[in-house]
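# Descriptive analysis of the structure
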Amino acid sequence: MESFIRTEKQRKLLAKIEELIPVFQKREPQLDAPGSFPFDNIEDLKKINYTKLTLPTEFGGQGLGLYEYILAQETIAVGCGSTALSIGWTNGTILEYVESHHWNSEAAKVVLKAIANGGLINTASSENNAGSPTRGAIPTTSVVRDGDDLVITGEKIFTTAAPALTHFIITATNEKKEIEMILVPSNTKGVSLKDTWDSLAMRGTASQTVILDHVRVPDTYVLQTRSPQLNAAKGWLLHIPACYIGIAKAARNYALNFATSYIPSSLGKPIAEAPNIKQLIGEMELTLTTARHMLYGTVERYEHCEDKTAFKEPLDVTKIEVTNAAMKVVDLAMQIVGARALSESNPMHRYFLNVRAGLYNPPMSDVIQTKFANEAIAKFMEK
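Note that this is a predicted model, so its numbers are computed, not measured. (Residues numbered from 1 in each chain as written. Predicted model: local features only at pLDDT ≥ 70, side-chain atom pairs only at ≥ 80, totals over all residues. Heavy atoms only, no water.)

Take the overall build of the protein chain next. If you tally the helices and strands in the protein chain, you get 11 helices and 8 strands. For a compact globule of 383 residues, the expected C-alpha radius of gyration is about 21 Å, and the protein chain comes in at 22 Å, within 12% of that figure. Along the first, second and third principal axes, the C-alpha set of the protein chain runs to 80 × 60 × 40 Å. The 383 residues of the protein chain split such that 52% are buried. Residue pairs in contact within the protein chain that sit at least 24 positions apart in sequence constitute 73% of those at least 6 positions apart. In the structure as shown, the protein chain presents an accessible area of about 17,500 Å², 53% of it carried by carbon and sulfur atoms. In the protein chain, which carries 39 positive and 42 negative side-chain charges, the distance between the mean positions of the two groups comes to 3 Å. (Helix = DSSP H or I, 4+ residues; strand = E, 2+ residues; numbered from the N terminus. Rg over C-alpha atoms; globule rule 2.2 N^0.38 Å. Buried < 20%, exposed > 50% of the residue type's maximum accessible area, 1.4 Å probe, protein only. Contact = heavy atoms within 4.5 Å. Areas by Shrake-Rupley, 256 points an atom, 1.4 Å probe, with all protein chains shown as cover. Lys, Arg positive; Asp, Glu negative; His and termini not counted. Charge placed at Lys NZ, Arg CZ, Asp CG, Glu CD.)

The structure is reproduced here in structure tokens:
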């Protein structure tokens, strides 16, 4: 399989992560349990300075960019998909700030200092019965001014890595019906977690509910105020398909190891030499390689694009197609391994479940397909 490593710095970064892959894979069955989270994996990543991957060097970080971030996220996911998706939000959130400097400077300094001191952050935006924020949902979580403080009340669901986060970025609606993004330290009075995460897929992400009961923070903790709008182009969200293609690589590796070592008495040689299995392997390799070319090609185009705000369509298409390819790769790997792939003791069943979580990470296929359909119809109606 082709390597997409371009520099010696990238090679050294991935070498550190690859040393952790067997450790992560050994621990991964523990994440089948309800309420689980890969705390040990996160600590191992902290030891190699990974949580500071995209943090600027002036704040004590590695100061690396999108390409390195995507390479690393894919590699972590080979070891553990839940770990990759969980840690990805911290590095990606910081990378977005580095690219756009879209936060208020005073609050931004608090975030950057927190990451430098080992903190972890994620945005909590989804809510019960509100629909997806990517579909234009307005937060029912409220924020009101009280002197020099902000008072926040509401609940946020699907908050990935909630038990490990030191800070939340809360989306809330103010008195002017504007959406504000507010920094809330997790140890603030009135903040609590409710373990509502009972998903069969990516169970180890501990994407729990954050409850905000009249939480009070300084008004200087407003990171950003914006009018309601759909998300703009964000290259760092490519960590989502990178995670799922990493899971697909893990399934591919298991299937190839099985196919080259399993010798049934009826065949007298490894099943990898059987024409039907060889055909499945070839299709699996082609699908995975094509998806990785698309992923890293999009990353390179994004890095060289002068107007990144206009790059949303390629990002959306890449997320959908790479995630669909990842599911196909896992399905092909399942066929190669056969019925034993469904065994609870076999990691393939976990890959099969986890890779499907990608369907529900934004953007969703129906949104993009509807958008493309409307544009195509409108264009031809004009003729």
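There's more to say after this.
Our focus in this paragraph is the pattern of salt bridges. Within the structure shown, the criterion is met by 20 salt bridges. When the shortest N-O distance is used, the salt bridge between R350 and D32 registers 2.9 Å. Of this pair, R350 sits in helix α10 (residues 347–355) while D32 sits in the loop between α2 (21–27) and α3 (39–47), placing them 318 residues apart in sequence. (Salt bridge = Lys/Arg side-chain N within 4 Å of Asp/Glu carboxyl O.)

Turning our eyes to something else, we now look at helix α7 (residues 239–261). An α-helical turn contains 3.6 residues, so a residue and the one three or four places further along point in the same direction. The end-to-end C-alpha separation of α7 is 33 Å, in line with the 33 Å expected for 23 residues at 1.5 Å each. The buried fraction of α7 is high, at 18 of 23 residues. (Expected span 1.5 Å × (residues − 1).)

Before going further, it helps to spend a moment on the nonpolar core. Of all hydrophobic cores here, the largest spans 114 residues; its most connected members are Y50, I70, I152, I182 and Y244. When residues in this core are grouped by element, the largest group, 13 residues, is from α7. Setting aside chain neighbours within four positions, we find I152 in contact with T141, S142, V143, I170, I182, V184, L212, D213, H214, V215 and V217. (Core = buried A, V, L, I, M, F, W, Y, C linked by side-chain atoms within 4.5 Å.)

Before going further, it helps to examine the packing of helix α4 (residues 66–79) against helix α8 (residues 275–304). Relative to each other, α4 and α8 sit at 155°, their axes nearing to 9 Å. When the axis of α4 is compared with that of α8, the two are roughly antiparallel. Two packed elements cross with a definite hand, and for α4 against α8 that hand is right-handed. Facing L66, Y67, I70, L71 and E74 of α4, the residues of α8 in contact are R292, L295, Y296, V299, E300, Y302 and E303. The residue inventory of the contact of α4 with α8, partitioned by class, reads 8 nonpolar, no polar and 4 charged. (Axes fitted to C-alpha atoms, helices over the stretch in contact; angles between N-to-C directions. Parallel < 35°, antiparallel > 145°, perpendicular 65-115°, else oblique. Left-handed = near helix turned anticlockwise from the far one by under 90°. Nonpolar A, V, L, I, M, F, W, Y, C, P; charged D, E, K, R; others polar.)

In the structure shown here, the tally under the stated rule is 8 aromatic pairs. Their ring planes at 20° and their centres at 4.9 Å tell us that F4 and Y296 sit as a pair that is stacked. Of this pair, F4 sits in the segment before α1 (8–18) while Y296 sits in helix α8, placing them 292 residues apart in sequence. Summarising the aromatic geometry, the rings of F158 and W197 are spaced 5.9 Å apart at their centres and angled 75° between planes, so their arrangement reads as edge-to-face. Within this pair, whereas F158 is found in strand β3 (residues 149–159), its partner W197 is found in the loop between β6 (191–194) and β7 (208–218), the two being separated by 39 residues in sequence. For W197, a relative accessible area of 18% corresponds to the buried category. (Phe/Tyr/Trp six-rings, centres within 6.5 Å; stacked < 30°, edge-to-face > 60°.)

The terminal C-alpha atoms of α4, which comprises 14 residues, lie 20 Å apart, in line with the 20 Å expected from a rise of 1.5 Å per residue. Of all the 14 residues making up α4, 14 are buried; the element is thus mostly covered by neighbouring parts of the structure.

Along the chain, T290 falls in helix α8. Owing to a relative accessible area of 48%, T290 belongs among the partly exposed residues under this scheme. Within the structure, the side chain of T290 is placed 2.7 Å from the backbone oxygen of L286, a separation counted as a polar contact. (Polar contact = N/O pair within 3.5 Å; in protein donor to acceptor, adjacent residues only side chain to side chain.)

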